[in-house]
Amino acid sequence: MAQTPLDLDQVLADLPQWRAHAGDRTAIERSLRFADFNAAFGFMTRVALLAETIDHHPEWSNVYNRVDILLTTHDAGGLTERDVRMARFIDDIASSQGTQS
Ligand SMILES: C[C@H](O)[C@H](O)[C@H]1CNC2=NC(N)=NC(=O)C2=N1
């Protein structure tokens, strides 16, 4: 579902733990480190359940206890409220489970 893209700087101003993607797409990124693979995969499972619920999916990779996440809305060619909602959800979980790396 297409939506009007949000301004990158305004999104980042509200999400201090996220950074701008340094590529040719408008996207935000956050890297997290957990205690171990079990904790990292548990986090990914919780995010995956939200992703299916709101039909909005992160681009991410996992190596042992590390999860690198990129958020953007492909359908809109930029950032939308769905990315902000996903980022806030991730921040909430990470504040109790993960650490920034
Ligand atoms: C058909 C389906 O609703 C779309 O492809 C959804 C699925 N998940 C998505 N996830 C993300 N990150 N961006 C999208 O534009 C998107 N679109």
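Only a predicted model underlies this, so the values are computations on that prediction, with no experimental measurement involved.

**Quick notes on the pairing of strand β4 (residues 66–71)**
Along a regular strand, successive side chains alternate from one face of the sheet to the other. The pairing of strand β2 (residues 28–33) with β4 spans 6 bridges and is antiparallel. Of the residues in β4, the one forming a bridge with S31 is D68. Where strand β3 (residues 59–63) lies against β4, 5 bridges are found, and the strand directions are antiparallel. From the neighbouring strand, S61 faces β4, where its bridge partner is D68. Here β3 folds back onto β4 in antiparallel fashion, the turn holding 2 residues, of which Y64 has a positive phi close to 50°.

**Remarks on the site of the ligand**
Near the ligand you find D55, H56, H57, T72, T73, H74 and D75, and these make up its full shell. In this structure, an oxygen atom belonging to the ligand sits 2.3 Å away from a side-chain N or O atom of D55. Backbone polar atom of D75 to an oxygen atom of the ligand: 2.8 Å apart, as the coordinates give it. Alone, the ligand offers 400 Å² of accessible surface; in the complex the protein occludes 69% of this. Residue classes in the shell around the ligand are distributed as no nonpolar, 5 polar and 2 charged.

**Structural notes on the packing of aromatic side chains**
What the rule picks out here adds up to 2 aromatic pairs. With a centroid separation of 4.9 Å and an interplanar angle of 35°, the aromatic rings of F34 and F43 are classed as tilted. Exposure remark for F43: the relative accessible area of 0% places this residue in the buried category. A ring pair is formed by F37 and F41, whose centres lie 5.5 Å apart and whose planes are at 35°; its orientation type is tilted. Of this pair, F37 and F41 both sit in helix α2 (residues 37–54), separated by 4 residues, roughly a single helical turn. Among the residues examined, F41 registers a relative accessible area of 44% and is labelled partly exposed.

**Focus on the confidence of the model for the protein chain**
When pLDDT is averaged along the protein chain, the result is 94, and 95% of the positions lie at 70 or above. Scored as a complex, the prediction yields pTM 0.94 and ipTM 0.95.

**Here we look at the packing of α2 against helix α3 (residues 81–97)**
Two numbers describe how α2 lies on α3: the axes approach to 11 Å, and their chain directions differ by 155°. On the basis of their axis angle, the class for α2 and α3 is roughly antiparallel. In this structure, the crossing between α2 and α3 has a hand that is right-handed. Side by side, α2 and α3 meet where A39, F43, R46, V47, L50, A51 and I54 of the first sit next to R82, R85, M86, F89, I90, I93 and Q97 of the second. Here the residues of the contact of α2 with α3 are counted per class, giving 10 nonpolar, 1 polar and 3 charged.

Cut-offs and rules
Residues numbered from 1 in each chain as written. Predicted model: local features only at pLDDT ≥ 70, side-chain atom pairs only at ≥ 80, totals over all residues. Heavy atoms only, no water. Pairing = 2+ DSSP bridges. Helix = DSSP H or I, 4+ residues; strand = E, 2+ residues; numbered from the N terminus. Near = heavy atom within 4 Å. Polar contact = N/O pair within 3.5 Å; in protein donor to acceptor, adjacent residues only side chain to side chain. Areas by Shrake-Rupley, 256 points an atom, 1.4 Å probe, with all protein chains shown as cover. Nonpolar A, V, L, I, M, F, W, Y, C, P; charged D, E, K, R; others polar. Phe/Tyr/Trp six-rings, centres within 6.5 Å; stacked < 30°, edge-to-face > 60°. Buried < 20%, exposed > 50% of the residue type's maximum accessible area, 1.4 Å probe, protein only. pLDDT = per-residue confidence, 0-100. Axes fitted to C-alpha atoms, helices over the stretch in contact; angles between N-to-C directions. Parallel < 35°, antiparallel > 145°, perpendicular 65-115°, else oblique. Left-handed = near helix turned anticlockwise from the far one by under 90°. Contact = heavy atoms within 4.5 Å.

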